[in-house]
Amino acid sequence: MYLIDLIILKSKIKPKEKEDDELLTNIIKETEIEGYFDQGRFMDWYTNNLLFQRLFNILVNRLFLYQTIPYHSEEEMNKLRFSNQISPAIHSRYKLMEFSKLLSPADYFILNENLPSDCKSTQHILLFSSALDGGSWNAFVNSSMYQGSTYIIIKDKDGYIFGGFAYEDWKQNSKFSGDKKNFLFSIRPKLRCYPTTGYNNNFQYLNFGAKTLPN
């Protein structure tokens, strides 16, 4: 079911892919009307859509080649994570009853498609959850600082879910920091990823407790 969700979500990732999505829609409509499938046009679309190819490969692996995937090998698992054929491992001090209260596995897969390559093959650790850890600002900051690359995911009072990826450590600083590998994203109501524009170097800023500087 999650793979079906991903294929549907694929058309919502980036606006620049609109023409490709319209091409697939036209192929499906023509098939329904004319009664035959234009394999050549579909293959042209397929070869230009790397993410769909990855999803299709996952589907084939899970349905037909499951026993051949060497899950016992950490090295092979890292290779699969690096190519985004599986999501990074998530570790938590809690026994979570569900994947996430804010992200579906489909959302998580799409976000990880945009990660720098060195962040795909590493373990992902749940650092803080307001549902589990409460609403303390100090607890949130203390759990997030100097932890390496991080996702911050927020749900507002209207139900919108959004956030950002920070490649460098969060640290208290009166100046901007960060890296162009950072990106912003929205999950609900629409799944979108927004890379840095290069307009300036104001990627990250965290400051608190100062009397004169912005907090």
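What counts as what
Residues numbered from 1 in each chain as written. Predicted model: local features only at pLDDT ≥ 70, side-chain atom pairs only at ≥ 80, totals over all residues. Heavy atoms only, no water. pLDDT = per-residue confidence, 0-100. Helix = DSSP H or I, 4+ residues; strand = E, 2+ residues; numbered from the N terminus. Contact = heavy atoms within 4.5 Å. Phe/Tyr/Trp six-rings, centres within 6.5 Å; stacked < 30°, edge-to-face > 60°. Pairing = 2+ DSSP bridges. Axes fitted to C-alpha atoms, helices over the stretch in contact; angles between N-to-C directions. Buried < 20%, exposed > 50% of the residue type's maximum accessible area, 1.4 Å probe, protein only. Arc of directions from axis to C-beta. Polar contact = N/O pair within 3.5 Å; in protein donor to acceptor, adjacent residues only side chain to side chain. Core = buried A, V, L, I, M, F, W, Y, C linked by side-chain atoms within 4.5 Å.

## Here we look at the confidence of the model for the protein chain
- Model confidence for the protein chain is summarised by a mean pLDDT of 76, while 64% of its residues fall at 70 or above.
- Within the protein chain, the lowest mean pLDDT, 49, falls on helix 1 (residues 2-9), and the highest, 95, falls on strand 4 (residues 161-166).
- Segment residues 10-17: pLDDT under 50, and 14 contacts once partners within four positions in sequence are set aside and those in other chains are kept.

## Observations concerning the packing of aromatic side chains
- A complete count under the given rule lists nine aromatic pairs for this structure.
- Considering the side-chain rings of F128 and F140, the 5.4 Å spacing of their centres and the 70 degrees angle between planes classify their relative orientation as edge-to-face. Pair noted here: F128 is in the loop between strand 2 (124-125) and helix 8 (130-133) and F140 is in helix 9 (residues 137-144), with a separation of twelve residues, a long-range link.
- With 5.3 Å between their ring centres and 25 degrees between their planes, F165 and F183 make a pair best called stacked.

## Concerning the sheet that holds strand 5 (residues 183-188)
- With respect to topology, four strands assemble into an open sheet ordered 3-4-5-6, the strand pairing being antiparallel. In this open sheet, the two edge strands, each paired with only one partner strand, are strand 3 (150-155) and strand 6 (192-195). Ignoring which end each strand starts from, the neighbouring axes of this sheet average 15 degrees apart.
- Pairing analysis gives five bridges linking strand 4 to strand 5, with the strands arranged antiparallel.

## Topic: helix 9
- Buried within helix 9 we find V141, S143 and S144. Viewed along the axis of helix 9, the buried residues span an arc of 165 degrees, placing them on a single side of the element.
- Measuring from the backbone nitrogen of N138 back to the side-chain oxygen at the start of helix 9 gives 3.4 Å, which picks out S136 as the cap.
- In the segment just after helix 9, Y146 is the residue with positive phi, at about 55 degrees.

## Concerning the pairing of strand 4
- In terms of burial, strand 4 is largely enclosed, as five of its six residues are buried.
- What sits between strand 3 and strand 4 in their antiparallel hairpin is a turn of five residues, with G159 showing a positive phi close to 95 degrees.

## With respect to the nonpolar core
- With 17 residues, the main nonpolar core has L111, F165, F185 and I187 as its most contacted residues.
- Counting only elements with at least two residues in this core, the list comes to helix 4 (50-64), helix 6 (105-113), strand 4 and strand 5.
- Ranked by residue count, the leading element in this core is helix 6, at four residues.
- The residues touching F185, leaving out its near neighbours within four places in the chain, are L111, Y151, I152, I153, F162, G163, G164, F165, R192, C193 and Y194.
- Judged by nonpolar contacts, the second largest core, of five residues, contains V141, M145, W170 and L206.

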